[in-house]
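Here is how the chains run, residue by residue.
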Amino acid sequence: MKKIAVVTGANRGLGLALSEALAQRGFKVLMAMRNPDKAQKTLNGLTMKGLDVVPMKLDLSQEKSITDFVEVVKREYGFVDVLINNAGILIDSEDGGNSSLFKTKASTLQKTFVTNTLGPFLLTQKIFPLMKQEGYGRIVNVSSGMAQLSEKQTASASYRISKTGLNMVTNLFASEVDGEDICVNSVSPGWVRTDMGGPHADRSVEQGIKGLLWAATLPKGGPNGGFFQDGEAINW
Ligand SMILES: NC(=O)c1ccc[n+]([C@@H]2O[C@H](COP(=O)([O-])OP(=O)(O)OC[C@H]3O[C@@H](n4cnc5c(N)ncnc54)[C@H](OP(=O)(O)O)[C@@H]3O)[C@@H](O)[C@H]2O)c1
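Treat the numbers as computed from the prediction; the structure is a model and nothing was measured.

Describe the site of the ligand, with residues and values.
Of all residues adjacent to the ligand, which total 28 residues, the nearest are Asn11, Arg34, Asn86, Tyr159 and Thr194. Between an oxygen atom of the ligand and a side-chain N or O atom of Arg34, the distance comes to 2.7 Å. Within the side chain of Thr194, a nitrogen or oxygen atom sits 2.5 Å from an oxygen atom of the ligand. Protein contacts shield 93% of the accessible area of the ligand, which totals 900 Å² for the unbound molecule. A breakdown of the residues in the shell around the ligand according to their chemical character gives 11 nonpolar, 12 polar and 5 charged.

Would you mind going over the side chain of Thr104 in detail, with residue names and values included?
Along the chain, the position of Thr104 falls in the loop between β4 (82–85) and α4 (106–132). A distance of 3.4 Å separates the side chain of Thr104 from the backbone oxygen of Ser100, its partner in a polar contact.

Could you give me a rundown of the environment of Leu109, with the residues and numbers involved?
As for its placement among the helices and strands, Leu109 is situated in helix α4. Here the alpha-carbon distance between Leu109 and Glu63, two residues 46 residues apart in the chain, equals 18 Å. Setting aside anything within four residues of it in sequence, one finds Leu109 in contact with Ser158 and Ile161.

Rules used in this analysis
- Residues numbered from 1 in each chain as written.
- Predicted model: local features only at pLDDT ≥ 70, side-chain atom pairs only at ≥ 80, totals over all residues.
- Heavy atoms only, no water.
- Near = heavy atom within 4 Å.
- Polar contact = N/O pair within 3.5 Å; in protein donor to acceptor, adjacent residues only side chain to side chain.
- Areas by Shrake-Rupley, 256 points an atom, 1.4 Å probe, with all protein chains shown as cover.
- Nonpolar A, V, L, I, M, F, W, Y, C, P; charged D, E, K, R; others polar.
- Helix = DSSP H or I, 4+ residues; strand = E, 2+ residues; numbered from the N terminus.
- Contact = heavy atoms within 4.5 Å.

Next comes the structure, spelled out in structure tokens:
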């Protein structure tokens, strides 16, 4: 039977490339996105290559949307092997591209936290039973070097806080699955040329997804509860 992967934010950027790469590796990919209707051309391009991808509606900022999404996955497929919590936002520029936490607006932090931290937390919590029943799962939380507590940081405070929070979500879920063939890890793709990373980023999308694919396809006994880039552990 085909393995099933769920990728969030699958309509563009890293999520789209991840979906294509996983489908090329033989997965059925449930491509979760806010507006499947707007992604029709992109999706046609993938299906014309013979890839097994299914567009599905998911807005991570709405708990009901997450609940409805998981209900459909459960009803239509019954299990999930891989979950890549990839969708994310970086909206600190709404505070004027500030470099100070003192200028960060509560609304920016709240919006960012809801999408980047709370959404992946809820989705993982709800999808987890569909992995546990099969005794197998790979969960990849797409984090960022900007989450690292080990470095002195300025700028984009809301984004940093949300991704550090996501890393703790990784850490806590990983502690709960210890001893099972389920691996939960945070992975930084590096600075990548996408809409979020911008044209001056030093990595291509292909380079960015490499470490994410590695974590999504770890063998039995692979690392659990780590923070990685390119398959190498990095500091929290
Ligand atoms: N690019 C980088 O340099 C870099 C570096 C470190 C980490 N990352 C992380 O990598 C991940 C992917 O980033 P990217 O560079 O591919 O960004 P991107 O091109 O801006 O794509 C972001 C994706 O997230 C989706 N999304 C945003 N809010 C959502 C919501 N409420 N519900 C569902 N989907 C939502 C977007 O959907 P819409 O099209 O509907 O907006 C889009 O598909 C993010 O978690 C990001 O933080 C990126």
